Amino acid sequence: MTAGAFEDWKQWHEHRIATVSAPYGPLALSGTHWLEDHPKGRLPDMPGRWAADGDAVVLTAEECDGIRVDGTPFTGEVRLDADLGPDTARVAHGERRFVVLAREKALGVRDFDPASPARRAFRGIEATAYEARWSAPGRFTPYRENRTVRVGNADGRERGLGLDGELAFTLDGRDLTLQVTVQGDGSLWAVFADATSGHGSYRFRFLRPAAPDAQGRTTVDFNRALLPPCAFADHFICPFPPPGNSLSAEIAAGERNLHH
């Protein structure tokens, strides 16, 4: 192991801790409410009335609700499209931010609260320090046609997971593959489990290899395996690993669990 590789990993790990513990990071999520479960428009512990209207959400608020839209006290009715996250959320109440969420045909609202119990209780991420043996060359092969498989999600529902190709690599002398999704910036994303999942590591994790080059080459670095958002708050709906992404190898690397 080179000192440079370890220092890079250490900086990555420290940045992750800062990101997840930020005021509107994943630890701040205190609720995810699907509008179909609340036909009267009253969401638990949230002001205003929320209703689905096609592919958007209509919020109706009175002065007593104390809601702000686009930073200004708001009364009346406003139509809201899905947000990219709390940083772009238009609706706030005190320090809380309400994020409009769309998954397949379902609409919901997430409540991000910097004072959430999970954020107050956070003690850090248990992660294995960098070891060179957990990083290997990989080759990405795209599918001829993109695929969608139905997988269980952390909230108990089943949803589609898009898959764009296969990532092949050799780790500790074993030839392995992962089904991956290509992100908007060209990087790859995999949901995987391994022989340590539930036994020393969280039940599944994420991996985000860099964008492959023109020959499909990239680096598969399990030192940077990530805990999924649902490890930080119960209200995320993370997808479980698709078929073929439960590795028989023990990947004792990267983020493993939360410190308690």
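Refer to the structure above for everything that follows.
Since we're looking at a predicted model, the values are computed, not measured.

A. How the structure looks around the environment of Tyr202. Along the chain, Tyr202 turns up in the loop between β14 (188–192) and β15 (205–207). What makes Tyr202 buried here is its relative accessible area of 17%. Discounting chain neighbours no more than four positions away, the residues touching Tyr202 are Ser197, Leu227, Pro228, Cys230, Ala231, Arg256 and Asn257. Within the structure, the side chain of Tyr202 is placed 3.5 Å from the backbone oxygen of Cys230, a separation counted as a polar contact.

B. Broad picture of the side chain of Ser187. Its location among the elements puts Ser187 in the loop between β13 (174–182) and β14. Ser187 sits in the buried class, given a relative accessible area of 15%. Within polar-contact distance, the side chain of Ser187 engages the side chain of Asp185 at 2.6 Å. Leave out the neighbours within four places in its chain, and Ser187 touches Thr181, Val182, Pro209, Ala210 and Ala211.

C. Representation of the sheet that holds strand β8 (residues 96–103). Reading across from one edge, β1-β9-β8-β7-β4-β5 is the order of the 6 strands in this open sheet, with antiparallel pairing throughout. Unpaired on one side and paired on the other, β1 (29–34) and β5 (72–73) mark the two borders of the sheet. The pairing of strand β4 (residues 68–69) with β5 spans 2 bridges and is classified as antiparallel. When the sheet's bridge partners are listed, Val69 is paired in β5 with Thr72.

D. Spotlight on the nonpolar core. Among the nonpolar cores identified, the biggest contains 33 residues, and Phe122, Ile125, Phe204, Phe206, Leu227 and Phe232 are the most heavily contacted of them. Looking at this core, the elements that each hand over two or more residues are α1 (3–20), β11 (135–152), β12 (158–171) and β14. Counting residues per element, this core draws most heavily on α1, which supplies 4 residues. Discounting chain neighbours no more than four positions away, the residues touching Phe204 are Val191, Phe192, Ala193, Ser197, Pro228, Cys230, Cys238, Pro239, Phe240 and Pro241. Counting 20 residues, the second-largest nonpolar core is a separate cluster that includes Phe169, Ala190, Ala249 and Ile251.

E. Structural detail: the pattern of salt bridges. Tallied over the full model, the rule gives 15 salt bridges. For Arg157, the salt bridge identified is with Glu36, shortest N-O distance 3.0 Å. Highlighted residues: Arg157 in the loop between β11 and β12 and Glu36 in the loop between β1 and β2 (49–53), separated in sequence by 121 residues. Overall, Arg157 belongs to the partly exposed group, its relative accessible area being 29%. Close ionic contact of Arg133 with Asp172 constitutes a salt bridge, the shortest N to O distance being 3.0 Å. Here the residue Arg133 occupies a position in the loop between β10 (125–128) and β11, and Asp172 occupies one in the loop between β12 and β13, the gap between them amounting to 39 residues.

F. Highlighting the packing of aromatic side chains. Taken as a whole, this structure holds 9 aromatic pairs when the rule is applied. With 5.2 Å between their ring centres and 85° between their planes, Trp189 and Phe206 make a pair best called edge-to-face. Taken together, the residues Trp189 in strand β14 and Phe206 in strand β15 connect sequence positions 17 residues apart. In this structure an aromatic cluster arises from ring pairing among Trp189, Tyr202, Phe204, Phe206 and Phe240. Over the face of the ring belonging to Tyr24 we find Arg97, whose NZ or CZ atom lies 3.8 Å from the ring centre.

G. A look at the sheet that holds strand β3 (residues 56–61). Read across the open sheet, the 3 strands follow the order β2-β3-β6; overall the sheet is antiparallel. Pairing within the sheet leaves two strands with one partner each, and these edge strands are β2 and β6 (76–80). With direction set aside, neighbouring strand axes in the sheet form an average angle of 25°. Both β2 and β3 contribute to a ladder of 5 bridges, which runs antiparallel. The residue bridging Arg49 from the neighbouring strand is Thr60, located in β3.

What counts, and at which threshold
Residues numbered from 1 in each chain as written. Predicted model: local features only at pLDDT ≥ 70, side-chain atom pairs only at ≥ 80, totals over all residues. Heavy atoms only, no water. Helix = DSSP H or I, 4+ residues; strand = E, 2+ residues; numbered from the N terminus. Buried < 20%, exposed > 50% of the residue type's maximum accessible area, 1.4 Å probe, protein only. Contact = heavy atoms within 4.5 Å. Polar contact = N/O pair within 3.5 Å; in protein donor to acceptor, adjacent residues only side chain to side chain. Pairing = 2+ DSSP bridges. Core = buried A, V, L, I, M, F, W, Y, C linked by side-chain atoms within 4.5 Å. Salt bridge = Lys/Arg side-chain N within 4 Å of Asp/Glu carboxyl O. Phe/Tyr/Trp six-rings, centres within 6.5 Å; stacked < 30°, edge-to-face > 60°. Lys NZ or Arg CZ within 6 Å of the ring centre and 35° of its normal. Axes fitted to C-alpha atoms, helices over the stretch in contact; angles between N-to-C directions.

Such coordinate-based values are descriptive only and should not be taken to indicate function.
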